[in-house]
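# A closer look at the structure
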Amino acid sequence: MSGKTDSKKSQKTLGEFTDAFKASVEYVKPQWDAYLRRYQLWRGVKPPEMDNTISRIWINLAHSMVQQRLPLIFENVFSHPDYLTLKSDAPEYDLMADGAQAWLRDLLDDKIKIRSDAMTTVQTALIGGTGFRMPYVRYVEREGRKVPLISSKDIDFLNVLPSPNGSRMNPDDYHRDDAVDWVHVIDWWREDKIKAAADNGEPGWNKDQIGKLLANESPGYEGEEDNYKNQFKQINGMSYEGYGRAYANGKNVPEGMRKRRVVHWLCRTRHVIVAEDAYVIYDGKPPMGEGVIPLVKYAITPDLKNFYGISMIEMVEDLIMAIVMNFNYRMDHMLGVMFPTTWIRSDLWQGKSEDDFIPRPYSVNKFPSSVSDPRNAIFYDRRPEVSQQTFMDEDRMKSFLQSVSGELETSGSYGDVVGNRSATGVTTIAGALRARPNMEAAILEETGFREEITLLLKLGDIHINTKQTVPVPRMTGATAWREISPLDITDKFTVQLHGARYMADQQQSFQKLMSLYPYWNNNPGVDSFELNRQVASTHRIIPDPEKVFVPPAPPALPASPARPSASQGAAPGGAASMMDIAQAPRSMQRENSPSAQQGRTKELRVF
């Protein structure tokens, strides 16, 4: 292909990209405004309403609410040690499921460290309603050969711009009307990474455009996103311009470390990378196959068919401001009571300063002879005491806040059930308090974590072609490792997570057990050993119940009477006879004894 033809193709692609980018920017502008406002509430930035008060005390309720909900969600999602299982899509993949599960668990727990790495994503979902993560693969040099490094990372809320005509990222059928057509992801790449991409020889990379990009010292662009993002230069430590802007503008950075702004245009059948809004450096196939966008959306509460979810702070934003302003106005009034406004007659003021009239212990002051009584020359404008109505209003607002956000007070919301020490009441109140976090965890589990793990499995299927060595969980020693065949790592599985739903089932099962256990315990018709063993095994009270519960010893056989003589007419052998009627129950007792049954089991052979 000639350079002129390639230039025309790049210009056409750049025009398509620019039109799509403008549409996405217009769509996300209201979401950016709302997210930045709620982020300031969570981050502790005082809103402008605080300037109307003297106290200016900012009670960061939004931060405490988010940080209280966060561990409950993670506890629900990762409650079970084996929180991840794979269900094969066809019978021939059943034998591969165990190896793929072991590889996935090692990748999530030890490589990505999903429990801590996804913390930022879930925080963003709680604050702004939606969070984003991107699975990716990077090849590294190890022992003289390039091996794939599969991982996943959090994407900033302001760096994702979806198409304005969809709500689902990766549905099973991407032709659905609620599936987004494209997503823009903003990133910053080092120049040495861009050069390496141009030299690897893979199709899709445009060396001519990359050369023009690296030769241009000053981009001089002003894209749609740049015009908007300049309004949000800095929000209490969070710079929207990105961590790479200093490297992009710096002149004294080391060779290859200068960063360039790139935008991934992720379409269903196409992947385009545009650098600095002017250079199409890549135009090729999607990295995970047709129809798959390599991005995961975490939504805490879906908003019908809208792309962005509903924030936890969004529902109580006004209540938070009302509570904080009520508190500050009370503090201002109390200051007026403690430090009242002082009115001083002008002849007493002459030659004095304000500090001379501030009340101090053991102070001695002079006043002119023209003033017979200083109390007539000074008036303290003391405010009245605050009525109890203001405190009652604050309690009501806190109750509304707890009800709307799902954070109910344990001792006051249900008639002091906990204080009554009722076991059934405590279980009920605990279930009610965890209902909202359980629902949110279930949504994140299905729409966020499960989709991310599915994409990681797709990346493994595409890029891993050598044996993988992973540790065996809950084992130690030199032999606590296993090899996973690359054939086992395939995307022919359905990912199933056992987090929030498992916890709900366990809670219901435990409630039923607590109701029935008093009737079963010490019941002569119930085997106590088997009951306790199954309870411990089902609810994981102890790790190894078989070593704790000892089966009861079999009942001792009664002493056999002296064998009757032949003259007494006893029947031969052990069979019962009419002449010895007591022999029948003894014979049946020996036949059904645990020792006889155990011996019979050991001697059973199949030919």
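### Structural notes on the pattern of salt bridges
Taken as a whole and judged by the stated rule, the model has 26 salt bridges. Arg482 is the partner of Asp98 in a salt bridge, and the nearest nitrogen-oxygen pair spans 2.9 Å. Of this pair, Asp98 sits in helix H3 (residues 97–112) while Arg482 sits in strand S13 (residues 481–484), and the two are 384 residues apart along the sequence. A salt bridge links Lys153 to Asp187; the shortest N-O distance between them is 3.6 Å. Residue Lys153 is located in strand S3 (residues 145–155), and its partner Asp187 is located in strand S5 (residues 182–190); the two are separated by 34 residues in the primary sequence. Taken together, the shared-partner salt bridges connect Arg37, Arg38, Glu314 and Glu317 into one network.

### Section: the nonpolar core
Core analysis: the biggest nonpolar cluster contains 98 residues, and Leu84, Trp103, Phe132, Leu295, Ile320 and Phe449 have the highest contact counts within it. At 12 residues, the largest contribution of residues to this core is made by helix H1 (residues 3–43). Of all hydrophobic cores here, the second largest spans 14 residues; its members include Ala197, Leu213, Ala275 and Tyr279.

### Things to note about the sheet that holds strand S9 (residues 296–299)
With antiparallel pairing, the three strands of this open sheet are ordered in space as S3-S2-S9. Unpaired on one side and paired on the other, S3 and S9 mark the two borders of the sheet. Averaged over all pairs of adjacent strands, the angle between their axes in this sheet comes to 25 degrees, without regard to strand direction. Where strand S2 (residues 130–142) and S3 come together, 11 bridges link them in antiparallel fashion. Bridge assignment links Arg133 to a residue of S3, and that residue is Asp154. Strands S2, S3 and S9 of the sheet are contacted by helix H14 (residues 435–463), whose axis makes an angle of about 165 degrees with S9.

### Overview of the environment of Glu255
Looking at the element boundaries, Glu255 is found in the loop between helix H9 (245–249) and strand S6 (259–267). On the basis of relative accessibility, which here comes to 69%, the residue Glu255 falls in the exposed class. Residues Glu255 and Asp192, 63 residues apart in the sequence, show an inter-C-alpha distance of 8.1 Å.

### Observations regarding the confidence of the model for the protein
Taken residue by residue, the protein gives an average pLDDT of 80. The fraction at 70 or more is 78%. Contacts for the low-pLDDT stretch residues 231–241, under 50 throughout, to residues beyond four places or in other chains number 26 contacts. This model gives residues 410–421 a pLDDT under 50, and the stretch forms 15 contacts once residues within four places in sequence are excluded.

### Re the packing of helix H2 (residues 61–77) against helix H5 (residues 119–128)
In contact at an axis separation of 10 Å, H2 and H5 are set at 125 degrees when each is read in the N-to-C sense. In terms of orientation, H2 and H5 fall into the oblique class. Where H2 crosses over H5, the two elements pack in a sense that is right-handed. Where H2 approaches H5, its residues Val66, Gln67, Arg69, Leu70, Ile73 and Phe74 are matched on the opposing element by Met119, Val122, Gln123, Leu126 and Ile127. Partitioning the contact of H2 with H5 into residue classes produces eight nonpolar, two polar and one charged.

### Considering H2
An α-helical turn contains 3.6 residues, so a residue and the one three or four places further along point in the same direction. Under the 1.5 Å per step criterion, the end-to-end length of H2 is 25 Å for 17 residues, consistent within 8% with the ideal 24 Å. Leu61, Ala62, Met65, Val66, Arg69, Leu70, Ile73, Phe74, Asn76 and Val77 are the residues of H2 that are buried. In this structure Asn60 caps H2, since a side-chain oxygen of it lies 3.1 Å from the backbone nitrogen of His63.

### Thoughts on the side chain of Ser10
You can see Ser10 is positioned in helix H1. Within the local environment of Ser10, its side chain forms a polar contact with the side chain of Asn206, the two groups lying 3.4 Å apart. Apart from the residues lying within four places of it in its own chain, the contact partners of Ser10 are Asn206, Gln209 and Val280.

### Some thoughts on the side chain of Arg105
Within the secondary structure layout, Arg105 lies in helix H3. Taking relative accessible area as the criterion, Arg105 reaches 18% and is therefore assigned buried. When near neighbours in sequence (up to four residues on either side) are disregarded, Arg105 contacts Asp82, Leu84, Thr85 and Asp110.

### Points about unusual backbone geometry
For Lys113, which is not a glycine, the phi torsion comes out positive at approximately 55 degrees. As for its placement among the helices and strands, Lys113 is situated in the loop between H3 and helix H4 (114–117). The class of Lys113 is partly exposed, set by a relative accessible area of 46%.

### Looking at the environment of Gln40
The residue Gln40 is located in helix H1 in this model. With relative accessibility at 29%, the residue Gln40 sits in the partly exposed group. Sequence separation between Gln40 and Ala62 is 22 residues, and the spatial gap between their C-alpha atoms is 9.5 Å.

### Details of the sheet that holds strand S8 (residues 279–284)
Read from one edge of the open sheet, five strands run S4-S5-S6-S7-S8, paired in antiparallel fashion. Because the sheet does not close on itself, it has two edges, and the strands there are strand S4 (160–162) and S8. Here the strands of the sheet are splayed against their neighbours by 20 degrees on average, with no regard to which way each runs. As judged from the five bridges shared by S6 and strand S7 (residues 271–275), these two strands associate in the antiparallel manner.

Cut-offs used in this document
Residues numbered from 1 in each chain as written. Predicted model: local features only at pLDDT ≥ 70, side-chain atom pairs only at ≥ 80, totals over all residues. Heavy atoms only, no water. Salt bridge = Lys/Arg side-chain N within 4 Å of Asp/Glu carboxyl O. Helix = DSSP H or I, 4+ residues; strand = E, 2+ residues; numbered from the N terminus. Core = buried A, V, L, I, M, F, W, Y, C linked by side-chain atoms within 4.5 Å. Buried < 20%, exposed > 50% of the residue type's maximum accessible area, 1.4 Å probe, protein only. Pairing = 2+ DSSP bridges. Axes fitted to C-alpha atoms, helices over the stretch in contact; angles between N-to-C directions. Contact = heavy atoms within 4.5 Å. pLDDT = per-residue confidence, 0-100. Parallel < 35°, antiparallel > 145°, perpendicular 65-115°, else oblique. Left-handed = near helix turned anticlockwise from the far one by under 90°. Nonpolar A, V, L, I, M, F, W, Y, C, P; charged D, E, K, R; others polar. Expected span 1.5 Å × (residues − 1). Polar contact = N/O pair within 3.5 Å; in protein donor to acceptor, adjacent residues only side chain to side chain.

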